[in-house]
Structures are given as structure tokens and as C-alpha cells.
Amino acid sequence: MTTLFIADLHLSPLRPDITACFLRFMQEEAPMAKKLYVLGDLFEFWIGDDDNSPFNVTIKDAFKALTASGVACYFIQGNRDFLLGQRFCKETGMQLLPETAVIDLYGTPTVILHGDTLCTKDEKYQEFRRTVHQKWLQRLFHCIPLFIRKKIVSNVQNKIKQQKHFKQMEIMDVTPEEVVNVLESHHVTHMIHGHTHRPNTHKHQTNQGSATRIVLGDWYTQGSILVCNENGCELQQRSLG
Ligand code: LP5
Ligand code: MN
């Protein structure tokens, strides 16, 4: 039985093609797996677990059906769904993991995370992240009516879009030294993350020897899945059409 990893689907009602590919995956493929890990940015933006739009209910129902069929599902927040919390997980039967977790992947201890925290050279983003991760601010945001929350998000997104244009590609990738720090501090030689939308397998040298880092792909132009079993892991793609 396989263990599957996905990230950066950026699901939204504006991309029915991605949603259809995801729902197909959830109905036809994921039920054969033992475990499914969602490593963040499942949604284009998640404004709170109280947003029960028909679209969100469809996605929640897909997870509910999967967990009810016996597949263990885990979620790590991304930079776009850092407001997804325990209520969503309770409703769907998923388990919310901390931002960095070590799992046993067929006998190989593996650190899993969204990946945004590895981009330490992106100082403006890290400052923004620290701001929006403050619990008091999140609680305050949650008290605002949903339609105003949507407007705030859309305004901030527009403001940020202009800034992102001027960022160098390099600072938006992971900092190799930070990758090594995380691997060494968790005493592991395997890492899986998303966020950068640059699917690949990389090697790093750590004080425990050579380490492997797998980067998941986004779902903008195809479905991207990491399929693991006793023999190893493979990055695979699924057609959106
Ligand atoms: O996801 P991607 O790849 O497009 O870009 C990310 C980083 N961008 C983000 C922003 C989110 O996508 C959208 C955020 C909407 C936020 C709504 C606020 C809700 C308030 C909640 C309060 C609890 O994550 C991008 C990285 C990129 O990854 C690569 O790593 O570079 O980071 C940015 O572009 C951030 C800017 O550099 C800094 C922006 C400062 C804006 C200040 C607005 C303050 C808003 C405070 C809200 C109270
Ligand atoms: Mn991300």
C-alpha cells in the first residue's frame, strides 16, 4: 500500500479543471493508499473554518469520504491556508500536524513541512508570516464577517502581487543552509516539502551524511503527486483534462 503526498493545489472555484482532477484523485486513487499527506496550500486562500461555501463543502466531503474509507489523512498548513484549523480537521476526520513533523516513511524517518519557512532569504515574506501567524491577530480576523474577510484578503493579495514581481527567483527558493539546519536538528536524512513549485529531488550534505530532499509540484498545469512505497518514492503527474 502506498503513502501519498500532495501540496500547492491552490483549489478555488475559479479553476474547475484543477478541482475535477483533485476530486478524481480523491475518488479513484487515494482510496487505495494507506495514508495521504497534504503539505499545505490545498486552497488558493482559506479565510477560516467557518466558511461553509458550497465549494468548501465539496472539498470537505471528499476528505470525509476518504477518511471514512480508512485512509489516514494529515494536513500541514501552507502560507495560503494557515487559517485552516482543528474544526476543518474534525469535520473531515483529518489530523492537523505541526508546521514541521517527522514521520516514519517505511522505516525512514522523514521530516515534512510546507517549505515556506525554508525560504529564509525572503525576509519580507518571513516578516509578513510572523505577523499573520500571531494568534491574537488570527482570533481578531476570525471575528470579522466572512464577506469583509474576503475583501481584506483580496486587497492584501493585490498589494503583494506587485511586490512579488520584483523579487529575485533565488530568494523565493529554499536556503540550502536552512535545509541542512532542519535536517540536522531533527536528526534525519530525508525531507519532503512543497511551496516553491519546483518539483525535483535534491541531495544535501549533513553531519549525518548525504540527505535527500524531495520537492512536490503544484497543480496549475497538471496534478502532482508523490507516490511512496517500501521501494522508494516517485514524483508523478496526472492530466488535468
Ligand atoms: O503563495 P505565493 O507563491 O504566491 O507567494 C508566497 C508569499 N505570499 C504569501 C501571500 C499570500 O499568498 C496571500 C496573503 C493574503 C493575506 C491576507 C491577510 C489576512 C490576514 C490574516 C490575519 C490573521 O504568502 C510570497 C513569497 C512567495 O510565497 C515565495 O516564498 O515571496 O510573499 C510575499 O509576497 C509577501 C511580501 O513580500 C510581503 C507582503 C507584505 C504585505 C503587508 C500587508 C500586511 C497585512 C497584514 C494583515 C493584517
Ligand atoms: Mn506556499
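Quick note: structure is the one above.
Fair warning: this is a prediction, and the values are worked out from it, not measured in the lab.

1. Description of the coordination of the manganese ion (ligand 2)
Within the first shell, the manganese ion (ligand 2) binds the protein through Asp41 (OD), Asn79 (OD1), His114 (NE2) and His195 (ND1), at distances of 2.0 to 2.3 Å. All donors to the manganese ion (ligand 2) come from one chain, and their sequence spacing reads D-x37-N-x34-H-x80-H. Linking Asn79 in the loop between strand 3 (72–75) and helix 3 (86–92) with His195 in the loop between strand 7 (190–193) and strand 8 (200–206), this pair joins segments that are 116 residues apart in sequence. With respect to burial, Asn79 and His195 carry one shared label: buried.

2. Quick look at a nonpolar patch on the surface
Taken together, the side chains of Phe147, Ile148, Ile152, Val156 and Ile160 define a hydrophobic patch exposed on the protein surface, amounting to about 380 Å² of accessible area. Mapped onto the elements of the fold, Val156 is located in helix 6 (residues 146–165). Its relative accessible area of 32% is what places Val156 among the partly exposed residues.

3. Here we look at the packing of aromatic side chains
Tallying each qualifying case throughout the model produces twelve aromatic pairs. Relative to Trp219, the ring of Phe22 lies with its centre 6.5 Å away and its plane at 70 degrees, an arrangement referred to as edge-to-face. Taken together, the residues span a long stretch of sequence, with Phe22 in helix 1 (residues 16–29) and Trp219 in the loop between strand 9 (209–215) and strand 10 (223–229) at a distance of 197 residues. Their ring planes at 85 degrees and their centres at 6.1 Å tell us that Phe43 and Phe88 sit as a pair that is edge-to-face. Note that Phe43 is positioned in the loop between strand 2 (35–38) and helix 2 (54–68) and Phe88 in helix 3, a separation of 45 residues in sequence. The two residues Phe43 and Phe88 agree in class, both being buried. Ring-pair connections join several aromatic residues into one group, and the members of that group are Phe22, Phe25, Phe43, Trp46, Phe63, Phe75, Phe88 and Trp219.

4. Points about helix 7 (residues 176–185)
For helix 7, the set of buried residues is Val179, Val180, Val182 and Leu183. Around the axis of helix 7, the buried residues are gathered within 165 degrees of arc, so they sit on the same side. Among the structural elements, strand 5 (100–105), strand 6 (108–113), strand 7, strand 8 and strand 9 are those in contact with the buried residues of helix 7. Positioned one or two residues after helix 7, His187 has a phi angle of 55 degrees, which is positive.

5. Here's the deal with the side chain of Asp51
Mapping Asp51 onto the fold places it in the loop between strand 2 and helix 2. Of the side chains bearing the opposite charge, Lys150 lies closest to the buried Asp51, which forms no salt bridge; the N-O distance is 4.5 Å. In this structure, Asp51 is in contact with Trp46, Asn56, Leu146 and Lys150, ignoring residues within four places of it in sequence.

6. Observations concerning the site of ligand 1
As a structural note, the neighbourhood of ligand 1 is formed by 19 residues, with Asn79, Arg80, Asp122, Lys167 and His195 the closest of them. The separation between an oxygen atom of ligand 1 and a polar side-chain atom of His195 is 2.8 Å. Bound to the protein, ligand 1 loses 86% of the 1000 Å² it would expose on its own. Elements supplying a minimum of two residues to the shell around ligand 1: helix 4 (123–132), helix 5 (135–143) and helix 6.

Thresholds applied
Each residue is numbered by its place in its chain's sequence as written, counting from 1. Chain labels run from A onward and ligand labels from 1 onward, assigned in the order the entries are written. For this predicted model, a pLDDT threshold of at least 70 governs which residues receive local features, and a threshold of 80 or more governs which side-chain atom pairs are given and counted, while totals over whole chains, interfaces and linings are taken from all residues. Where side-chain values are given, they derive from all heavy atoms of the structure, hydrogens and water being excluded. As a rule, N, O and S atoms within 2.8 Å of a metal are its donors, except that Na, K and Ca use 3.2 Å; water is not among the atoms, so sites may look incomplete. For the purposes of this entry, the term helix denotes a DSSP run of H or I that reaches at least four residues, the term strand denotes a run of E that reaches at least two, and both are numbered from the N terminus. Whether a residue is buried, partly exposed or exposed follows from its accessible area with a 1.4 Å probe, protein chains only, as a fraction of its type maximum: under 20%, in between, or over 50%, in that order. For patches, a residue must show more than 30% relative accessible area and have no salt bridge; joins then use 9 Å for like charges and 5 Å for nonpolar side chains, namely Val, Leu, Ile, Met, Phe, Trp and Tyr. We get accessible surface area from the Shrake-Rupley algorithm with a probe of 1.4 Å; when it comes to residues, only the shown protein chains can shield them. The term salt bridge refers to a pairing of a side-chain nitrogen on Lys or Arg with a carboxyl oxygen on Asp or Glu at a separation within 4 Å. When two rings of Phe, Tyr or Trp (its six-membered ring) have centres within 6.5 Å they constitute a pair, described as stacked for plane angles under 30 degrees, edge-to-face for angles over 60, and tilted for the intermediate range. The reported arc concerns the directions from the helix axis to the C-beta atoms and nothing else. Should any heavy atoms of two residues lie within 4.5 Å, those residues are counted as being in contact. Working convention for charge: Lys and Arg count positive, Asp and Glu count negative, and His plus the chain ends are omitted. Each residue is tested against the molecule or strand, and it is near if at least one of its non-hydrogen atoms lies within 4 Å. Nitrogen and oxygen atoms within 3.5 Å of one another constitute a polar contact, given that in protein one can donate a hydrogen and the other can accept it, and given that sequence-neighbouring residues count only through two side-chain atoms.

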